[in-house]
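Fold and geometry: a report
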Amino acid sequence: MEKARVFSGIQPTGNIHLGNYLGAVKNWVESQDSYENIFCVVNSHAITLPQNPKILKEKTYDLCAMLLACGIDPKKSTLFIQSQIQEHTSLAWLLTCITPMGDLSRMTQFKDKSQKNPKSIFAGLFNYPNLMSADILLYKSHFVPVGEDQKQHIELARDTAIRFNRDFGETFVVPEPLIMKEGARIMGLDDPTKKMSKSSSDKPNHAISLIDTPDEIVKKIKKATTDSEGVIAFDKERAGVFNLLTIYQCFCKQDEVSIEAEFSTQGYGVLKERVAEAIIEGLRPIREAYSKLILEQDYLHKILDKGAQSAQKIATTTYAEAKAKMGLI
Ligand code: AMP
Ligand code: TRP
């Protein structure tokens, strides 16, 4: 039987952090055998906010190396760079022409990002979800493994697929989000009421980057915001402790009851020590693999060329089909 197809993407902006890893990339890696996988570094999404071109280019390759270091296996998964396949932006245009403005203006990510960057709200940022729908629909993907913040965008991609199929004939697979029970929303260490995000990189104790050293990890976890209750339990109302326990759970893979039992007689000091230790050990192989891979640029380019070739085959066929169905010559 043919395997269902998974597609997901990640932006090459800022440094990939623990939220990206636990909410998305770790799951891509762990389910590689169950699906036919396509993973994409979405650099065309990155330019919806101003970027330094030289840094964007470097970060794009760095992120590809990091995804391999995290365990994306080129024998099991296609890995490629979005801007190398022109059909993403071409299909995005077709989808833009059938997406109501009202739907786009409801997107919370647009509202957040435009509030944070009031001086640079460009049309691309508003239209961002159509490019994301194009990414997913171009490969007729069944599942999209993401963190919780992307659920609304995937719902929009579903609506768009359904509308296109209804108006122009059956073409796209209607995709489903794959969102993990744990880790789908890792919060900022400095402020556990806000999700961990790359755009808060000006705050040094906000996020743990996948290339942070053990010392940096210990320091950041020590400074993480908790509360004054002193009880260690999975209580969503106490966001700081809940976040630390969730991170711990993602690495140690025990259930909530046994984790609460482990800490029942301990204080926040011990909790923080063990959380830091779990992160350091969990990220160690990634940091080591990354430091080697980043020096093997030829190998990296070979994998990305191969990835782009296999993506291109599917993209060409689907785009030609969609274009013809809309009456474009
Ligand atoms: P981005 O950095 O926006 O390109 O996100 C890449 C992936 O990481 C997406 O699937 C996001 O949903 C996921 N992600 C981003 N931030 C978090 C977070 N704080 N917790 C869990 N998942 C996240
Ligand atoms: N919008 C996603 C994010 O910010 C990244 C992304 C772009 C994506 N295209 C995608 C994720 C397609 C899944 C599928 O995290």
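Criteria and cut-off values
- Residues numbered from 1 in each chain as written.
- Chains lettered and ligands numbered in written order.
- Predicted model: local features only at pLDDT ≥ 70, side-chain atom pairs only at ≥ 80, totals over all residues.
- Heavy atoms only, no water.
- Helix = DSSP H or I, 4+ residues; strand = E, 2+ residues; numbered from the N terminus.
- Rg over C-alpha atoms; globule rule 2.2 N^0.38 Å.
- Buried < 20%, exposed > 50% of the residue type's maximum accessible area, 1.4 Å probe, protein only.
- Contact = heavy atoms within 4.5 Å.
- Areas by Shrake-Rupley, 256 points an atom, 1.4 Å probe, with all protein chains shown as cover.
- Lys, Arg positive; Asp, Glu negative; His and termini not counted.
- Charge placed at Lys NZ, Arg CZ, Asp CG, Glu CD.
- Near = heavy atom within 4 Å.
- Polar contact = N/O pair within 3.5 Å; in protein donor to acceptor, adjacent residues only side chain to side chain.
- Nonpolar A, V, L, I, M, F, W, Y, C, P; charged D, E, K, R; others polar.
- Axes fitted to C-alpha atoms, helices over the stretch in contact; angles between N-to-C directions.
- Parallel < 35°, antiparallel > 145°, perpendicular 65-115°, else oblique.
- Left-handed = near helix turned anticlockwise from the far one by under 90°.
- UniProt positions renumbered as here; feature names shortened; annotations may be inferred.

1. Structural notes on the overall build of the protein
Within the protein, the secondary structure is distributed over 13 helices and five strands. Taken over the C-alpha trace, the protein has a radius of gyration of 20 Å; the compact-globule value for 329 residues is 20 Å, and the two agree within 12%. Taken over the C-alpha atoms alone, the protein extends approximately 70 × 45 × 45 Å along its principal axes. With 329 residues in all, the protein has 50% of them scored as buried. For the protein, long-range pairs separated by at least 24 residues make up 75% of all intrachain contacts whose partners lie at least 6 apart in sequence. Summing over all exposed atoms, the protein offers an accessible surface of approximately 16,000 Å²; the carbon and sulfur share of this is 54%. Computed over 41 positive and 41 negative side-chain charges, the inter-centroid distance for the protein is 4 Å.

2. Structural notes on the site of ligand 2
Taken together, 13 residues are adjacent to ligand 2, and Gln11, Tyr128, Met132, Asp135 and Gln150 come closest. Note that a nitrogen atom of ligand 2 is positioned 2.7 Å from one of the side-chain N or O atoms of Asp135. Between ligand 2 and Gln150, the relevant distance is 3.0 Å, taken from a nitrogen atom to a side-chain nitrogen or oxygen of the residue. Alone, ligand 2 offers 370 Å² of accessible surface; in the complex the protein occludes 91% of this. Looking at which element gives the most residues to the shell around ligand 2, the answer is helix H7 (residues 123-138), with four residues. Tallied by class, the residues present in the shell around ligand 2 amount to seven nonpolar, five polar and one charged.

3. Quick word on the packing of helix H10 (residues 239-252) against helix H12 (residues 268-293)
Pairs of packed helices are described in terms of their axes, by the angle between the two and the distance that separates them. Two numbers describe how H10 lies on H12: the axes approach to 9 Å, and their chain directions differ by 40°. The angle between H10 and H12 falls in the class oblique. Like other packed secondary-structure pairs, H10 and H12 cross with a definite hand, here left-handed. Within the contact between the two elements, H10 uses Val241, Leu244, Leu245, Ile247, Tyr248 and Phe251 and H12 uses Tyr268, Leu271, Lys272, Arg274, Val275, Ala278, Ile279, Gly282 and Leu283. Per-class residue counts for the contact of H10 with H12 are 12 nonpolar, one polar and two charged.

4. Overview of the UniProt feature "short sequence motif: 'HIGH' region" (unreviewed entry) in the protein
Taking the UniProt record as the reference, the feature "short sequence motif: 'HIGH' region" (unreviewed entry) is found at residues 12-20. Along residues 12-20, the helical share is 33% and the strand share 0%, with 12 Å between the first and last C-alpha atoms.

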